[in-house]
Amino acid sequence: MPSYKIAVLPGDGIGPEVIGSTESVLNACCEKSPELTLTFEQFSVGAGEYLKSGDPLPEATLEAIKAYDAVLLGAMGLPSVRWPNGVEMTPQIDLREKLDLYQGVRPIKLYHHCHSPLRVPEGKTIDFVLMRENCEGLFSDRLEPRPTGRNFETDTMKITEGGAERICRASFELAMTRRKKLALVDKANVLQSMAFFRRVFERVAKEYPEVETECVYVDAMALFMVQDPYRYDVMVTENMFGDILSDLAAGLVGGMGMAPSGDIGDKYGLFQPSHGSGPTIAGKGIANPIATILSGALMLRWLADPAAVRAAEQIEAAVEKTLSDPANRTVDLGGKMTTVEMTDKIIENL
């Protein structure tokens, strides 16, 4: 009987609330599927931990979670808690880089037309995955010391051959399991780094002749996502472009509360909602838990054990059944359901 140890990082703001909902759903799956066992252990990471210990991601915690089968994260950071240079605490980015979680997997799916600000044509839906390169790009030198006293600042867009190749290959492999369509999103008409990314993409594409490919400039993709999001299957892009486009994409299907994600490497996997810590609604019991619950399902799929995959399918089916009724909407979707009520409804539909 498979048994998995999950390191849980509830984090800040609404993080503990949506993590609590996700643990409840995962535990309910285990009760219905006795062949699967999940055990959870919590660790303190984030702005709250910084205020207690002076370090948002203690080294001992980082080393400890490496022994777990997967990591489930709530949300990290608070706008009021910043480093002396003015930027926020971002231990979630530190985790991606330190654990080499180069695949930012962002599934986007519309569960009911009433969730979208678009007028969705009859018979069409939104269902694509944005693959964000997580470990380089415009974030590459964010921790580099900067000279003092100068009247400008710079950030470097770094694209390495190895980094581009592995995220492109992972994206082609994903496309092979879906509708066999892959779009590269870049700015190759202006930036040499992006032209280099495109050359790597086109070279890897030759290994996957079954996959239909296209290259789209990032500004054009922002337009096409709004005008015709139904045509896309898998997209792959640089770190910052992926950060921006994944928020836009979430807006098409109801907002950040509907957007799960997985940060995946060759050895480790971390799963979290795409949203932030939502400090303005923390403690009010109205946070949408869907993104975190679906991230839990992504985690089960990544574990790749047949029992875990079946549990993931059960969660995804329960979410789909729940959201097929427009009465089942949390506040962010224009409804009145609380976090607990949405969680209970999903468990009822498992």
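Shown above is the structure to which this text applies.
Residues numbered from 1 in each chain as written. Predicted model: local features only at pLDDT ≥ 70, side-chain atom pairs only at ≥ 80, totals over all residues. Heavy atoms only, no water.

Enquirer: What exactly am I supposed to notice about the overall build of the protein chain here?
Expert: Within the protein chain, the regular secondary structure consists of 11 helices and 10 strands. The proportion of buried residues among the 350 residues of the protein chain is 53%. Residue pairs in contact within the protein chain that sit at least 24 positions apart in sequence constitute 75% of those at least 6 positions apart. Surface exposure of the protein chain reaches about 15,200 Å², of which carbon and sulfur atoms provide 52%. Across the protein chain, 36 positive and 49 negative side-chain charges occur, with their mean positions spaced 3 Å apart. (Helix = DSSP H or I, 4+ residues; strand = E, 2+ residues; numbered from the N terminus. Buried < 20%, exposed > 50% of the residue type's maximum accessible area, 1.4 Å probe, protein only. Contact = heavy atoms within 4.5 Å. Areas by Shrake-Rupley, 256 points an atom, 1.4 Å probe, with all protein chains shown as cover. Lys, Arg positive; Asp, Glu negative; His and termini not counted. Charge placed at Lys NZ, Arg CZ, Asp CG, Glu CD.)

Enquirer: Could you clarify how one ought to interpret the layout of surface pockets in this entry?
Expert: Over the atoms, a rolling probe the size of a water molecule traces out where space has been left empty. Considered as a void within the structure, the largest pocket measures approximately 1,100 Å³ in volume. In this structure, the largest pocket is lined by 44 residues; those nearest its centre are Glu88, Met89, Thr90, Ile93 and Arg142. When residues of the lining of the largest pocket are traced back to their parent elements, those giving at least two are helix H4 (91-98), helix H8 (239-252) and strand E10 (269-273). Per-element accounting of the lining of the largest pocket gives the leading share, 5 residues, to H4. The residue inventory of the lining of the largest pocket, partitioned by class, reads 17 nonpolar, 13 polar and 14 charged. In this model, the second largest pocket occupies a volume close to 750 Å³. (1 Å grid on protein atoms, 1.4 Å probe; cavity = no way out; pocket = protein on both sides within 12 Å on 5 of 7 lines; lining within 4 Å. Points joined across faces, edges and corners; volume = space filled by probe spheres on them. Nonpolar A, V, L, I, M, F, W, Y, C, P; charged D, E, K, R; others polar.)

Enquirer: Is there a simple way to think about the pairing of strand E2 (residues 37-42) in this case?
Expert: Remark: a regular strand shows side chains that alternate across the two faces of the sheet. Where strand E1 (residues 3-11) lies against E2, 6 bridges are found, and the strand directions are parallel. Bridging across to E2, Ile6 finds its partner in Phe40. (Pairing = 2+ DSSP bridges.)

Enquirer: Can you help me understand the packing of helix H7 (residues 218-227) against H8 in this one?
Expert: A pair of packed helices is captured by two measures, namely the crossing angle of their axes and the spacing between those axes. For the pair H7 and H8, interaxial distance at closest approach is 10 Å and the crossing angle is 10°. In terms of axis orientation, H7 runs roughly parallel to H8. Residues Val218, Met221, Ala222, Met225 and Val226 of H7 form the contact with H8, whose participating residues are Phe241, Leu245, Leu248, Ala249 and Leu252. Residues belonging to the contact of H7 with H8 are distributed by class as follows: 10 nonpolar, no polar and no charged. (Axes fitted to C-alpha atoms, helices over the stretch in contact; angles between N-to-C directions. Parallel < 35°, antiparallel > 145°, perpendicular 65-115°, else oblique.)

Enquirer: Teacher, can you tell me more about the packing of helix H5 (residues 161-177) against helix H6 (residues 192-205) here?
Expert: Contact geometry of H5 with H6 gives a least axis separation of 9 Å together with a crossing angle of 45°. In this view, H5 runs oblique relative to H6, as classed from their interaxial angle. The chirality of how H5 crosses H6 is right-handed. Judged by residue contacts, Glu161, Ala164, Glu165, Ile167, Cys168, Arg169 and Phe172 of H5 engage Phe196, Phe197, Val200, Phe201, Arg203, Val204 and Ala205 from H6. Partitioning the contact of H5 with H6 into residue classes produces 10 nonpolar, no polar and 4 charged. (Left-handed = near helix turned anticlockwise from the far one by under 90°.)

Enquirer: Would you take a moment to explain the pairing of strand E3 (residues 70-75) for this structure?
Expert: With 6 of its 6 residues buried, E3 lies for the most part within the structure. As paired elements, E1 and E3 share 5 bridges and run parallel to each other. When the bridges of E3 are listed, Gly11 appears paired with Ala75. Bridge count for E3 against E10 is 2 bridges, and the pairing is parallel. Within E10, the residue paired with Val71 across the bridge is Leu270.

Enquirer: Please clarify how helix H11 (residues 339-348) should be interpreted in this entry.
Expert: When H11 is considered as a whole, its buried residues turn out to be Thr339, Met342, Thr343 and Ile346. Down the axis of H11, the sector holding all buried residues measures 100°, keeping them to one side. What points out from H11, more than 90 degrees from its buried face, is the exposed set Val340 and Glu348. Turning to H11, the residues buried within the fold contact helix H1 (15-32), helix H9 (290-303) and helix H10 (306-323). (Arc of directions from axis to C-beta.)

Enquirer: Teacher, can you tell me more about the packing of aromatic side chains here?
Expert: Working definition: an aromatic ring pair is given by the centre-to-centre distance plus the angle between the planes. Counted according to the given criterion, the structure contains 4 aromatic pairs. One aromatic cluster is present, formed by Phe172, Phe201 and Tyr208 through successive ring pairs. The positively charged end of Lys5 is found above the aromatic ring belonging to Tyr68, 4.9 Å away from the centroid. (Phe/Tyr/Trp six-rings, centres within 6.5 Å; stacked < 30°, edge-to-face > 60°. Lys NZ or Arg CZ within 6 Å of the ring centre and 35° of its normal.)

Enquirer: Got a minute to help me understand empty space enclosed by the protein in this structure?
Expert: Evaluation of the coordinates by the stated rule reveals 1 cavity of 30 Å³ or more. Considered as a void within the structure, the largest cavity measures approximately 40 Å³ in volume. Grouping the amino acids of the lining of the largest cavity by side-chain chemistry returns 6 nonpolar, 1 polar and 1 charged.

Enquirer: Please clarify how unusual backbone geometry should be interpreted in this entry.
Expert: Note: most peptide bonds trans; most residues except glycine with negative phi. A positive phi angle is found at Asp100, which is not glycine, with a value near 55°. By the element assignment, Asp100 lies in the loop between H4 and strand E4 (103-109). Look at Asp100 and you get partly exposed, because its relative accessible area is 33%. Positive phi, normally seen in glycine, also occurs at Ala304, with a value near 70°. Inspection of the secondary structure assignment puts Ala304 in the loop between H9 and H10.

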